Amino acid sequence: MQPEPAPRPLRIAVAGKGGVGKTTLTALLAYHFLARGRGVLAIDADPSPCLGPALGFTADELAEAVPLSAMEGVLDERSGGRTGVFRMNPTVADLPERLTVSRGALRLLLLGSVEHGGGGCFCPASSVLRELVRHLMLKEGEVVLLDLYAGVEHLGRATADSVDTMLVVAGPNPRSIATAHQVRRMAQEVGIERLLLVGNGITGNEDAAYLMDRAEDFEIAGMIRASVEALPAERAGRTLYSVDRRAATDVAEIALAVERSATR
Ligand SMILES: Nc1ncnc2c1ncn2[C@@H]1O[C@H](COP(=O)(O)OP(=O)(O)OP(=O)(O)O)[C@@H](O)[C@H]1O
Ligand SMILES: [Mg+2]
């Protein structure tokens, strides 16, 4: 057995085409790192949030959390400026209680949704989020996971500065792989250097071979097998990590690839 690498803080963003498994991967990674005694801050950057249920939080727990997009008042209160609180280099523990829901060493922060048009723009909350991720002071071993929303337009220089590794999820199908390559090109343009592909929904060798072939020179961190447990788990409000040992095994390999990539 290989020795565990020294736990260093990690900031991981998860991107890819809509519905490809970004939230599923983020939740699996969260429980993988928690199982290894590491603190996890999971951030749902999707304006239509789904990470909470995937992490096993109940609707009641989630109703407690005030999304970042609705927090301007508190940020003003605390710092005299909208992003000021983040300039003070907060630790995960410093994050305003109202902003997160937590369970043990797991904290979830919601970016929230702001209506376009009348209700304002989604962009400010998004830039506040990047400020936060960039300035957050992480303790040894802490992991920040950013579940991005589908698409690539939000990939800016600030995202590049704030994450160590971007995982791009694709299924064994041409469209999600094309999106993965597109995300990779755009991410590289803004200076994200560590990009790894993750295959999801793999039903067998044929799927794996298809993905490997079309990945071309996109380095693959690992693959998550299609799970018959996913839907029943979702319905029962349980996490995939807790019900499917194969998914837990698959994500362990992916996490190892991320840690290797972060140290080179
Ligand atoms: N390996 C898998 N096996 C079986 N079902 C899966 C797997 N991965 C994801 N799913 C299911 O596919 C659906 C979409 O997954 P998920 O929500 O993680 O995708 P997403 O990329 O986050 O979607 P969105 O773009 O809407 O945020 C979910 O119902 C999830 O349970
Ligand atoms: Mg999602």
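Above this text sits the structure in question.
Being a predicted model, the structure only gives us computed values, none of them experimental.

A. Local environment of the site of ligand 1. Taken together, 18 residues lie near ligand 1, and Gly 18, Lys 22, Thr 23, Thr 24 and Ala 230 sit nearest. Elements with a minimum of two residues in the shell around ligand 1: helix 1 (22-35), strand 7 (195-202) and helix 10 (230-236). Residue contributions to the shell around ligand 1 peak at three residues, all from helix 1. Here the residues of the shell around ligand 1 are counted per class, giving six nonpolar, nine polar and three charged.

B. Examining the environment of Cys 50 more closely. Relative to the helices and strands, Cys 50 resides in the loop between strand 2 (40-44) and helix 2 (51-54). Overall, Cys 50 belongs to the partly exposed group, with 16 C-beta atoms counted inside 10 Å. Separated by 60 residues in sequence, Cys 50 and Leu 110 place their C-alpha atoms 9.7 Å apart.

C. Representation of the sheet that holds strand 8 (residues 220-225) within the structure. The strand order across the open sheet built from eight strands is 3-4-2-5-1-6-7-8, with neighbouring strands paired in mixed fashion. Each having just a single partner strand, strand 3 (100-103) and strand 8 make up the two edges of the open sheet. Averaged over all pairs of adjacent strands, the angle between their axes in this sheet comes to 20°, without regard to strand direction. Two strands pair when backbone bridges link them, and strand 7 and strand 8 are joined in this way by five bridges, in the parallel orientation. Pairing of Asn 200 across the sheet is with Ile 224, part of strand 8.

D. Region of the structure containing the pairing of strand 6 (residues 165-170). The buried fraction of strand 6 amounts to six of the six residues, a majority that puts the element mostly inside the structure. On strand 6, burial covers both faces: Thr 165, Leu 167 and Val 169 on one face and Met 166, Val 168 and Ala 170 on the other are all buried. Two strands pair when backbone bridges link them, and strand 1 (residues 10-16) and strand 6 are joined in this way by five bridges, in the parallel orientation. Bridge pairing in strand 6 places Val 14 opposite Leu 167. Pairing of strand 6 with strand 7, which is carried by five bridges, proceeds in the parallel orientation. Paired with Ala 170 across the two strands is Gly 199, which belongs to strand 7. Taking the sense of rotation as the criterion, the β-α-β connection linking strand 6, helix 8 (residues 174-189) and strand 7 turns out right-handed.

Cut-offs applied
- Residues numbered from 1 in each chain as written.
- Chains lettered and ligands numbered in written order.
- Predicted model: local features only at pLDDT ≥ 70, side-chain atom pairs only at ≥ 80, totals over all residues.
- Near = placed C-beta within 6 Å.
- Helix = DSSP H or I, 4+ residues; strand = E, 2+ residues; numbered from the N terminus.
- Nonpolar A, V, L, I, M, F, W, Y, C, P; charged D, E, K, R; others polar.
- Buried ≥ 20, exposed ≤ 12 C-beta atoms within 10 Å, placed from the backbone.
- Pairing = 2+ DSSP bridges.
- Axes fitted to C-alpha atoms, helices over the stretch in contact; angles between N-to-C directions.
- Right-handed = clockwise from strand over helix to strand, strands pointing away.

Without other data, these values stay purely geometric and don't point to any function.
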